[in-house]
Amino acid sequence: MASKQRHQKHLSTYLKSKKESPDKRTKSTPSKSQKNPQATFRSNQRSTLSKAKGGQDCMFERLPDELLLGIFKFLSPSELLKCAQVCRHWSQLTTESCLWENIFLKVPLGVRQLFSFEETKEEGFNWKKEVIKRCITARNNMVLKPRKEQRPRVYQGKPGLQGHLAFLSVKWKLCFMDTNGNDHWVSVGRMLYHRHSVSVHWGSVTLPPLQRLKNLRVYAFVPVFYNKEWVPHKNSATTRSLILQYDMKLKENIVEQKSALTDDDLVTLHNLPNGTTIGCWKASWKGGGEIAFVTVNLPHHKLARRILLGSSSQVCRIAPHVPVLDDIDPRYGLHGYTAELMLRTENMTFLEHHFRDLRDAPGGGDYGSLLASPK
């Protein structure tokens, strides 16, 4: 009986609290968070990030360094480099020698042979810097100074430059800069091998109109980290080399409808120096012109060196060959040339002719004229 009365008392108290007099009722208006639930999530996210940025109430800030280092040991070198960009504290932690000594044991033999026991025991030896530097050096040596017994399996059946590029796992990208200074990247291009050149094709390009494009750059991306069998890590950090660069505001590089080499019902073709072809949609010229595709043709000559030794801001310049003149052969370097003439598309060759024993003919002008003996 007492419990029944107690329950009735609680119920009456609850009902009274829910009752409102007519003069106290007000129209409730939905708040911004009720109108847009995502706004509440974004505001909470911003507050959480601001606390983390200030170093307060951040879970990772409360973790001891020993625990963070234990977690970092499970990461690949490329993932460590990404963690180093989170904050200064993590950047300092990722330089700890215990992390990179562990990575050192997993790199190819060619990398480990570049270290000496004495230098690794020196005070202040920077394991992170040296491992990255010598991974790049060993990778370059595998291509520029190869030893037959050290060639990876990827070379089998792929002679010359094709074997080099297959080993390096080169990725090609385009970068257009507009007049506002914004970069527009075009994803990895399709690469085709030919006897004396490599063609890289980018299709389905979505870019601003040609009038707003300022320059064009062609980059080669090469992985830095490989496993013991010289297979590149998945999503490895890369070095970036500038291969070609065009100022699209210069007279010789301006792409206009009247400067087209040829056209059809869909596109107009335009040629830039050094083997670059740009296709533009024919119907888009009324609005300033839009790029449909870009094809770059790169000769084999010193291409691997340009890919490996170039930087992200400057093209690797290869010094031209200078003939050595002597008393025995005063015309050394002016004869014995070979040349090959080829007319082809990406998949079909129409004309191919090889010339040998080319020599300079007297009286041929400043540069002379070449006399050819067909093979």
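In this text, all values refer to a predicted model and were calculated from it rather than measured experimentally.

Scoring rules and cut-offs
Residues numbered from 1 in each chain as written. Predicted model: local features only at pLDDT ≥ 70, side-chain atom pairs only at ≥ 80, totals over all residues. Heavy atoms only, no water. Helix = DSSP H or I, 4+ residues; strand = E, 2+ residues; numbered from the N terminus. Buried < 20%, exposed > 50% of the residue type's maximum accessible area, 1.4 Å probe, protein only. Contact = heavy atoms within 4.5 Å. Phe/Tyr/Trp six-rings, centres within 6.5 Å; stacked < 30°, edge-to-face > 60°. Lys NZ or Arg CZ within 6 Å of the ring centre and 35° of its normal. Salt bridge = Lys/Arg side-chain N within 4 Å of Asp/Glu carboxyl O. Expected span 1.5 Å × (residues − 1). Polar contact = N/O pair within 3.5 Å; in protein donor to acceptor, adjacent residues only side chain to side chain. Patch = residues over 30% accessible without salt bridge, like charges linked within 9 Å, V, L, I, M, F, W, Y side chains within 5 Å. Areas by Shrake-Rupley, 256 points an atom, 1.4 Å probe, with all protein chains shown as cover. Pairing = 2+ DSSP bridges. Axes fitted to C-alpha atoms, helices over the stretch in contact; angles between N-to-C directions.

All right, on to the overall build of the protein chain then. When helices and strands are counted, the protein chain shows 13 helices and 13 strands. Counting every position in the protein chain, which comprises 375 residues, the buried fraction comes to 31%. Contacts in the protein chain between residues at least 24 apart in sequence constitute 52% of all its contacts with a sequence separation of at least 6.

The next thing to look at is the packing of aromatic side chains. Under the defined criterion, the tally for this structure stands at 12 aromatic pairs. Measuring from ring centre to ring centre gives 6.3 Å for Tyr219 and Phe221, while their planes differ by 55°; the resulting arrangement is tilted. By relative accessible area, Tyr219 is classed as buried at 4%. Aromatic side chains Tyr226 and Trp230 sit 5.3 Å apart centroid to centroid with 55° between the ring planes, which places their arrangement in the tilted category. Within the aromatic cluster, the residues linked to one another by ring pairs are Phe104, Phe115, Phe125 and Trp127. Sitting above the plane of the Phe115 ring, Arg134 keeps its charged end 4.5 Å from the centroid. Against the face of Tyr219 rests Arg240, its NZ or CZ located 5.0 Å from the ring centre.

One pass over the full model with this rule turns up six salt bridges. Of the charged contacts, one joins Lys282 and Asp263 as a salt bridge, the two residues approaching to 3.3 Å between their closest N and O atoms. One end of the pair, Lys282, is in the loop between strand E9 (276-281) and strand E10 (291-299); the other, Asp263, is in strand E7 (residues 262-263), and 19 residues separate them in sequence. According to the relative accessible area criterion, Lys282 is partly exposed, its value standing at 30%. Residue class for Asp263 comes out partly exposed when judged on its relative accessible area of 43%. Overlapping salt bridges, with partners in common, bring together Glu119, Glu130 and Arg134 in one network.

Another aspect to go through is helix H11 (residues 127-144). Along its 18 residues, H11 runs 25 Å from first to last C-alpha, staying within 8% of the 26 Å computed at 1.5 Å per residue. Along H11, the positions that sit buried rather than exposed are Trp127, Lys128, Glu130, Val131, Arg134, Cys135, Ala138, Arg139, Asn140, Met142 and Val143. For H11, the capping residue at the N-terminal end is Asn126, with a side-chain oxygen 3.3 Å from the backbone nitrogen of Lys128.

Among the surface-exposed residues, Leu341, Leu343, Met348, Phe350 and Leu351 lie close enough to one another that they form a single nonpolar patch of about 510 Å² accessible area. By secondary structure assignment, the location of Met348 is in the loop between strand E11 (335-344) and strand E12 (349-361).

Another aspect to go through is the pairing of strand E4 (residues 197-202). Burial runs high along E4: six of the six residues are buried. Sheet topology note: the strand E3 (residues 190-193)/E4 ladder contains four bridges and is antiparallel. Paired with Arg190 across the bridge in E4 is His201. Strand direction decides the pairing type here: E4 and E10, joined by six bridges, are antiparallel. Along E10, the bridge assignment pairs Ser199 with Asn297.

The buried fraction of E10 is high, at seven of nine residues. Here E9 pairs with E10 via five bridges, running antiparallel. Across the sheet, Thr277 pairs through a bridge with Thr295, a residue of E10.

This paragraph deals with the sheet that holds strand E2 (residues 183-186). Strand order in this open sheet of four strands is E2-E1-E5-E6, and the pairing throughout is antiparallel. One side of each edge strand has no neighbouring strand; the edge strands of this open sheet are E2 and strand E6 (238-247). Strand-to-strand, the axes of this sheet are offset by a mean angle of 25°, without reference to chain direction. Relative to strand E5 (residues 213-223), strand E1 (residues 171-178) runs antiparallel, the two sharing eight bridges. Note on E5: the bridge partner recorded for Met177 is Asn215.

Only a minority of non-glycine residues have a phi that is not negative, and only a minority of peptide bonds are not trans. A positive phi angle, close to 55°, is found at Ser169, a residue other than glycine. Here Ser169 shows up in the loop between helix H12 (160-168) and E1. The partly exposed category is assigned to Ser169, whose relative accessible area is 23%. Within the chain, Trp230 stands out as a residue other than glycine whose phi angle is a positive 60°. As for its placement among the helices and strands, Trp230 is situated in the loop between E5 and E6.

Distances and angles like these do not, on their own, reveal function.
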